[in-house]
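Reading the structure
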Amino acid sequence: MPPLRHPLINSRYPHLLHGGDYNPDQWPLRPDILAEDIRLMKQAGCNTLSVGIFAWATLEPEEGRFEFEWLDRTMDDLAKAGLHAILATPSGARPHWMAQKYPEVLSVEPNRTRRLFGLRHNHCPTSPVYREKCAQINSLLAERYGKHPALLVWHVSNEYSSGYCHCPLCQEAFRDWLRRRHGTLEALNQAWWTTFWSHTYTDWSQIESPAPHGEHFLHALNLDWRRFATDQTVDFMKNEIAPLRAHSPEIPVTTNLMGFFYDLNPWKLAPELDVISWDSYPDWGAPQGDVAVGFRTAFAHDLNRSLKGGRPFMLMESTPSVVNWRDVAKLKRPGMHLLSSLQAVAHGADTVQYFQWRKSRGASEKFHGAVVDHVGHEHTRVFKDVAEVGGVLAKLDAVAGSGVPAEIALVFDWENRWALDDAQGPRKSKGYEDACHAHYHAFWKRGLPVDVLHMDGDFSSYRLVVAPMLYLVRPGVAERLEAFVEAGGTLVVTYWSGIVDANDLCFLGGFPGPLRRLLGIWAEEIDALHDGETNRVLPSAGNRLGLARHYEARELCDLIHAESAGVLATYGQDFYAGRPALTENRFGKGRAYYVAARLDANFHEDFTGALATELGLRSALPGTLPEGLSVQIRSDGTHDFLFLMNFLPHENTVDLGTETLEDLLGGGALRGPLTLPGFGCRVLRRLSTS
Ligand code: GAL
Ligand code: ZN
């Protein structure tokens, strides 16, 4: 279990933060609107606004001429009103003059075409000019505002995502990076298996990033390119952060991440940041239903909390109503705004921030949800929803800085994801996220808190570690998993694990490679099923976990041999009927399970239930939870805060049991059955059981 008491986002402000992206730079001609903004912020219960995110053209209208008066006014006005600022560095987009004078700041596409000026998040991360310009503007901002009473947090850039520039500068940087990683060209050729199709490199200059009209089937190249893109982004970010830390070491630094965004490995960015923040845009109201959207969103919140060892994170962006970039911009139903905001807090957020404070009048986001609509006043449904959240957060000061007592770690690893998806076979769509969701959903339904780790994470403080589809295994991982199980931990690994090493080279001598001894099995072959095809998995009579139902297998079925492991279930059909489908290996004081096939929700329910009982895992609330109701727990070690959240559009009743719980929002004490309205939520407090 990670620690339960953490530093506040900024120790000067012992409250949950509430606010959003604020763009006074869009309204220079409307001082009346700017004055009104401050009044409305107070009215909405907002306390912290994010300023300057895309303001470079306003800050530096021509090269070397800086205009800070508007930002001085904004910061002073916020401070005067008792409000705070999250101040951004502007590198998420740059002024026209810069791209015109220094085209190298614009990134180059995989087809080797340099982008024209436009959009955002598309700079070259290597360009010395861009790095210098960023360092300069960041220094000026930090010098001027680093000690400003309004400033709480530095917001570096916006949604870094542009690490994949294919310009000549980036190609050179990539080659240098490869020299550092592989040492010699011989070693690189060996690691990348370049004798295949006669692709042996004989000079470093022959190495090019993956291209649609060039090399893109050399999977180890693709993997190293992705690693490089993350590292180059981290390097770019460090260049941005240095002047901020130099001028204002006491102000925490964050950058807004994007949940499970594919292209950058957030575990590499996290150590450089003081606080994690992320932008969450779930598709509430989507046809798959809000329960499905709810548990997936929960998983992403848990990832963000786990990125810094359980330290509370910032929900940096969310929408107060619609998201305009989806196919269908559905309104949040009544209740959903409070529910989705509190869901973030339940999983460890100490802030609820929005994109955006006031709707822009023109350009592409003029129909995106905002606290203040084009009508300009507070008498809107959305404004009232936001004000309600403001009121609720103000009652939850005690939650700030508390942690989540997770006894379970679920491994979700970016390099594994990239390598797995890129491989040809055994199926085009591998379903890594789905595989993780299936395990996560079973925990969510039982109110069992979960941390999300990468494979290099520290497993030692958990009771149960689940590593679905651990296809790529980096050096040291198997040894650490062995140590974890040997010391009494329980490990679950699934089909298609232990297949390649960190260079994407297959393990020789039998899968699951370095995990074979720990799992006590040999995976000889894997069968891929067409969509709609199924097999059956039948629990063995008298199996120790008490599994009793028949389960359905889909998509991937490993054909394994139990070596030292015992068999808990077998396949029911096809030529491999009778072969093991679920095994258990005793290893030291612990056990390691192998789930050989992609199994249905009934399996996950029964298997998770059996493990939870056997290990005595503590769920947030004892007893069975009704469908669609999530209970999450935060704790500071003295008190537990229980968040009860109904993701169904109709009433749902949960049994609180005999214990008396304090209702932090409504006041009073509660026990026994409690009925929540559709999309209803409650926050309760009890003496800690963690
Ligand atoms: C985010 C971005 C914001 C805004 C928002 C709209 O990804 O950081 O600037 O574009 O999406 O949903
Ligand atoms: Zn570049």
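Every value quoted in this text rests on a predicted model; they were computed, and no experiment measured them.

Surveying the vicinity of ligand 1 reveals the residues Phe54, Arg120, Asn158, Glu159, Asp279, Tyr281, Glu317, Trp325, Phe355, Glu365 and His368. At 2.7 Å from an oxygen atom of ligand 1 is found a side-chain nitrogen or oxygen belonging to tryptophan 325. Considered class by class, the residues forming the shell around ligand 1 number four nonpolar, two polar and five charged.

With that settled, the discussion passes to the coordination of the zinc ion (ligand 2). Each protein donor to the zinc ion (ligand 2) is listed here as Cys124 (SG), Cys165 (SG), Cys167 (SG) and Cys170 (SG); together their distances run 2.3 Å. Between the four donor atoms coordinating the zinc ion (ligand 2), the angles at the centre fall across 102 to 116 degrees, so the site counts as tetrahedral. Binding-site remark: the zinc ion (ligand 2) is held by donors from one chain whose sequence spacing is C-x40-C-x1-C-x2-C.

This paragraph deals with the nonpolar core. With 201 residues, the main nonpolar core has Trp192, Leu342 and Trp357 as its most contacted residues. Looking at this core, the element that brings in the most residues is helix α8 (residues 219–247), giving 11 residues. Two domains each provide a minimum of three residues to this core, namely domain 1 (408–615) and domain 2 (629–687). Discounting residues that sit within four places of it in the chain, tryptophan 357 has contacts with Asp21, Tyr22, Asp37, Leu40, Met41, Ala44, Cys46, Leu49, Ala370, Val371, Val372 and Phe383. Core analysis: the second largest hydrophobic core is formed by 15 residues, Leu621, Leu625, Leu670 and Leu676 among them.

As summarised here, the arrangement of the nine strands in space is β5-β4-β3-β2-β1-β9-β8-β7-β6, forming an open sheet in which the pairing is parallel. Each of the sheet's edge strands pairs with one partner strand only, and the pair in question is β5 (253–254) and β6 (256–257). Two strands pair when backbone bridges link them, and strand β8 (residues 313–317) and strand β9 (residues 349–354) are joined in this way by two bridges, in the parallel orientation. Considered in β9, the bridge of phenylalanine 313 is made with alanine 349.

Attention now moves to the sheet that holds strand β21 (residues 629–635). Reading across from one edge, β21-β22-β27-β24-β25 is the order of the five strands in this open sheet, with antiparallel pairing throughout. Of all strands in the sheet, those with a lone pairing partner are β21 and β25 (669–670), marking the two edges. Here two bridges tie strand β24 (residues 661–663) to strand β27 (residues 681–687), and the two strands are oriented antiparallel to one another. Each bridged residue has a counterpart across the sheet, and for aspartate 663 the counterpart in β27 is leucine 684.

Time to look at a nonpolar patch on the surface. Where nonpolar side chains cluster on the molecular surface, the patch consists of Trp193, Phe196, Trp197 and Phe217 and spans about 510 Å² of accessible area. Along the chain, phenylalanine 196 falls in the loop between α7 (185–192) and α8.

The full count for this structure, using the stated rule, is 47 salt bridges. Notably, a salt bridge pairs arginine 227 with glutamate 415, separated by 3.0 Å at the nearest N-O pair. Separated by 188 residues along the polypeptide, arginine 227 in helix α8 and glutamate 415 in helix α13 (residues 414–422) bring together distant segments of the chain. Taken individually, arginine 227 and glutamate 415 each receive the classification buried, so the pair is uniform in this respect. Two residues, arginine 685 and glutamate 662, come together in a salt bridge whose shortest N-O distance is 3.1 Å. Placement of arginine 685 in strand β27 and of glutamate 662 in strand β24 is noted, with a sequence separation of 23 residues between them.

A word on the packing of aromatic side chains. Here the distance between the centres and the angle between the planes together describe a pair of aromatic rings. Throughout the structure, instances matching the rule amount to 31 aromatic pairs. Note on phenylalanine 68 and tyrosine 145: the rings are 6.3 Å apart at their centroids and 70 degrees apart in plane angle, and the pair reads as edge-to-face. Taken as a pair, phenylalanine 68 in the loop between α2 (56–59) and α3 (69–80) and tyrosine 145 in helix α5 (residues 128–145) lie far apart in primary sequence, 77 residues in all. For the residue pair phenylalanine 68 and tyrosine 145, the accessibility class agrees, reading buried in each case. On the numbers, 5.8 Å between centres and 15 degrees between planes, the contact of tyrosine 130 with phenylalanine 236 is stacked. On the criterion of sequence distance, the pair formed by tyrosine 130 in helix α5 and phenylalanine 236 in helix α8 is long-range, its members being 106 residues apart.

Moving on, we come to the domain arrangement of the protein. Its domain assignment divides the protein into domain 1 (408–615) and domain 2 (629–687). Spacing between the C-alpha centres of domain 1 and domain 2 amounts to 34 Å.

In contact at an axis separation of 10 Å, helix α10 (residues 290–306) and helix α11 (residues 336–346) are set at 30 degrees when each is read in the N-to-C sense. It follows that α10 is roughly parallel to α11 by the angle criterion. You can see that α10 and α11 cross each other, and the crossing is right-handed. Between α10 and α11, the contacting residues are Asp290, Gly294, Thr297, Ala298 and His301 on the first element and Met336, Gln343 and Ala344 on the second. Along the lines of polarity and charge, the residues of the contact of α10 with α11 split into three nonpolar, four polar and one charged.

A few words on the environment of glycine 146. Topologically, glycine 146 is positioned in the loop between α5 and β4 (151–155). For glycine 146, a relative accessible area of 3% gives the class buried. In this structure the C-alpha to C-alpha distance between glycine 146 and isoleucine 521, which are 375 residues apart in sequence, comes to 58 Å.

With that out of the way, let us pick up unusual backbone geometry. Following phenylalanine 355, the chain continues into glutamine 356 via a peptide bond in cis, with omega recorded as 15 degrees. You can see glutamine 356 is positioned in the loop between β9 and α12 (381–394). A positive phi is found at arginine 112, a non-glycine position, where the angle reads about 75 degrees. Within the element layout of this structure, arginine 112 appears in the loop between α4 (96–101) and α5. Even without being glycine, tryptophan 496 reaches a positive phi, approximately 60 degrees. You can see tryptophan 496 is positioned in the loop between β13 (490–494) and α16 (516–519).

Conventions and cut-offs
- Residues numbered from 1 in each chain as written.
- Chains lettered and ligands numbered in written order.
- Predicted model: local features only at pLDDT ≥ 70, side-chain atom pairs only at ≥ 80, totals over all residues.
- Heavy atoms only, no water.
- Near = heavy atom within 4 Å.
- Polar contact = N/O pair within 3.5 Å; in protein donor to acceptor, adjacent residues only side chain to side chain.
- Nonpolar A, V, L, I, M, F, W, Y, C, P; charged D, E, K, R; others polar.
- Donors = N, O, S within 2.8 Å, 3.2 Å for Na, K, Ca; no water.
- Tetrahedral: all angles 85-135°; square planar, octahedral: opposite > 155°, others 65-115°.
- Core = buried A, V, L, I, M, F, W, Y, C linked by side-chain atoms within 4.5 Å.
- Buried < 20%, exposed > 50% of the residue type's maximum accessible area, 1.4 Å probe, protein only.
- Helix = DSSP H or I, 4+ residues; strand = E, 2+ residues; numbered from the N terminus.
- Domains from an automatic or database assignment.
- Contact = heavy atoms within 4.5 Å.
- Pairing = 2+ DSSP bridges.
- Patch = residues over 30% accessible without salt bridge, like charges linked within 9 Å, V, L, I, M, F, W, Y side chains within 5 Å.
- Areas by Shrake-Rupley, 256 points an atom, 1.4 Å probe, with all protein chains shown as cover.
- Salt bridge = Lys/Arg side-chain N within 4 Å of Asp/Glu carboxyl O.
- Phe/Tyr/Trp six-rings, centres within 6.5 Å; stacked < 30°, edge-to-face > 60°.
- Axes fitted to C-alpha atoms, helices over the stretch in contact; angles between N-to-C directions.
- Parallel < 35°, antiparallel > 145°, perpendicular 65-115°, else oblique.
- Left-handed = near helix turned anticlockwise from the far one by under 90°.

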